[in-house]
Amino acid sequence: MPLGSLTARRAGTDSVSARVAEWARDHHLSWAVTWLENESYTPPPTGGGLSADQRRQLLGAGAPSSPRPSASSSASADLPVNIPAQAADPLPGEGVWHPVTYGPTRTPVIEEAALRPDARHTSELAYAVWLNQHALAFTLQPGYQQPGGSWPVSDSVAGSALKGPVATWNGGFKLHPDDALGGAIRVSAGAGSSAQWGYTINNDYYIARSGVGVTATGDIVYVSGSALSVATLARLLKAAGAVDAMELDINPDWISFMTYTGNPSAPHPVKLWNFVQPAGRYLQPASRDFVSVHLR
C-alpha cells in the first residue's frame, strides 16, 4: 500500500507532515525526518516587543466579562495568586489570572494568564491555566496510535463525554516516581534536546513545550508556549504555583489546550493560543492520549 494511502486512512486532525513523520520513524527513517525538520526550522526571535494583539491577551481579551469574586468573598479562598513576571518591566496584565469557566455557584473553576516566558524572548508569550480540581473531573483518554489497543475510554470526546466538556489538553511522557522532588526545579539551564527531556527540532532548547503540575492546595496548573526551554517551562510551572510538575508533549505539532463554550450538547472549542493543531482536535479520534475535563 502506498505511503499516501497509509497516512490518509488514519483518523484525526494530525497534519500530513506529522503523519508521514510518525510513519517514517516507525520504519527506520528517523534520519530523514530529522533532516527535513531541521531544514524547515526557524528558531523563535529574541528581543523585541509584544504586538498589540499580544498585549490584549495579557489583559484577558476574549475572557468572560463576569468579574472574579472580591477579596473578601469566601469564594476567592481557593483562587490562584498572580504569576510573577519573568521579564523586566512588567506589562499591564502580565501574569494576571482571568476567569474563563465558572461552576454552578458562579465561582471560577478555570482561569487563564499570559506572560513573557523569560528576559530573552520578549516578543513571545507563555500561557498558563489554573483548574480547580475540587470542582472538576479529569479523564485520561487513550490515543488510537499511542498507546493504541482496546480501552474502556474513547480516543475522542464523544458520546456522553460530549455533553459539557470544559477543557482538553495534550498528553505527555512517562516519569519514574523518584523524578519528582516536590517544589525543587530538577533541570539545569543547559538542559535541552535529549532522551530525558524529548528530542526537539534542530536540537533547539527553545521550542513549543507544555507541562502540567499540582499546587499545594491540590489544584492543577498547565503551561505551554511556542518558545520555552525545559528550564523556563519548569520555572513558569513553579511560578504558577506547582509544587510537583512534569513536562508533557513538545514540538509544534503536538501542543494543544482548549476550553469549551456554548451549548453543553454542542460544545465550541476555543484555543488557549495559536498552536498548530485545530481547536476541534479532540472532537474526533486522536492519535495520542489526552486529558478531558468536565464539571463534577
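Check the entry above for the structure.
Residues numbered from 1 in each chain as written. Predicted model: local features only at pLDDT ≥ 70, side-chain atom pairs only at ≥ 80, totals over all residues. Heavy atoms only, no water.

Colleague: Is there a simple way to think about the sheet that holds strand 6 (residues 207-215) in this case?
Modeller: Backbone hydrogen bonds hold the strands of a sheet together, and the pairing may be parallel or antiparallel. Taken in spatial order, the 6 strands make up an open sheet running 1-2-3-7-6-8, and their pairing is antiparallel. If you trace the sheet from one side to the other, it starts and ends with strand 1 (98-102) and strand 8 (242-250), each paired once. Geometrically, the sheet is characterised by an average inter-axis angle of 20° between neighbouring strands, direction not taken into account. Pairing of strand 6 with strand 8, which is carried by 6 bridges, proceeds in the antiparallel orientation. In the sheet register, Val214 faces strand 8, and the bridge partner there is Asp244. Helix-sheet contacts for helix 5 (residues 230-239) involve strand 2 (108-115), strand 3 (126-131), strand 6, strand 7 (220-228) and strand 8, and the interaxial angle to strand 7 is about 150°. (Pairing = 2+ DSSP bridges. Helix = DSSP H or I, 4+ residues; strand = E, 2+ residues; numbered from the N terminus. Axes fitted to C-alpha atoms, helices over the stretch in contact; angles between N-to-C directions. Contact = heavy atoms within 4.5 Å.)

Colleague: Please explain the environment of Ala61 as it appears in this structure.
Modeller: Mapping Ala61 onto the fold places it in the loop between helix 4 (52-58) and strand 1. With 37 residues separating them along the chain, Ala61 and His98 place their C-alpha atoms 9.2 Å apart.

Colleague: Can you walk me through the sheet that holds strand 10 (residues 268-271) in this structure?
Modeller: An order of 4-11-5-9-10 is seen for the 5 strands of this open sheet, with the pairing classed as antiparallel. Edge positions in the open sheet fall to strand 4 (136-141) and strand 10, since each of these has one partner strand only. Pairwise comparison of adjacent strand axes, ignoring direction, gives a mean angle of 25° for this sheet. Bridge count between strand 5 (residues 165-170) and strand 11 (residues 290-295): 5 bridges; the pairing is antiparallel. Within strand 11, the residue paired with Thr168 across the bridge is Ser292.

Colleague: Looking at this structure, I do not really get the packing of aromatic side chains. What am I missing?
Modeller: Aromatic ring pairs are described here by two measures, namely the spacing of the ring centres and the angle between the planes. Taken as a whole, this structure holds 7 aromatic pairs when the rule is applied. With 5.9 Å between their ring centres and 5° between their planes, Tyr127 and Trp273 make a pair best called stacked. In this pair, Tyr127 is assigned in strand 3 and Trp273 in the loop between strand 10 and strand 11, connecting sequence segments 146 residues apart. Judged on exposure class, the residue Tyr127 and its partner Trp273 are both buried. (Phe/Tyr/Trp six-rings, centres within 6.5 Å; stacked < 30°, edge-to-face > 60°. Buried < 20%, exposed > 50% of the residue type's maximum accessible area, 1.4 Å probe, protein only.)

Colleague: Got a minute to help me understand helix 5 in this structure?
Modeller: Counting along an α-helix, one turn takes 3.6 residues, and residues three or four places apart therefore face a common direction. Three or more residues of helix 5 are buried, namely Val230, Ala231, Thr232, Leu233, Leu236 and Leu237. Contacts made by the buried residues of helix 5 are with strand 2, strand 3, strand 6, strand 7 and strand 8. For helix 5, the side-chain oxygen to backbone nitrogen distance between the N-cap and Ala231 is 3.3 Å, and the N-cap itself is Ser229. (Polar contact = N/O pair within 3.5 Å; in protein donor to acceptor, adjacent residues only side chain to side chain.)

Colleague: I tried to follow unusual backbone geometry on my own but got confused; where do I start?
Modeller: Peptide bonds are trans in most cases, and residues, glycine excluded, mostly fall at negative phi. Cis rather than trans, the peptide bond between Gln146 and Pro147 has omega equal to 10°. Checked against the element boundaries, Pro147 lands in the loop between strand 4 and strand 5. Positive phi outside glycine occurs at Asp89, with the angle close to 55°. Assignment of secondary structure puts Asp89 in the loop between helix 4 and strand 1. Notably, Arg106 is not glycine yet its phi reads approximately 65°, a positive angle. Note that Arg106 resides in the loop between strand 1 and strand 2.

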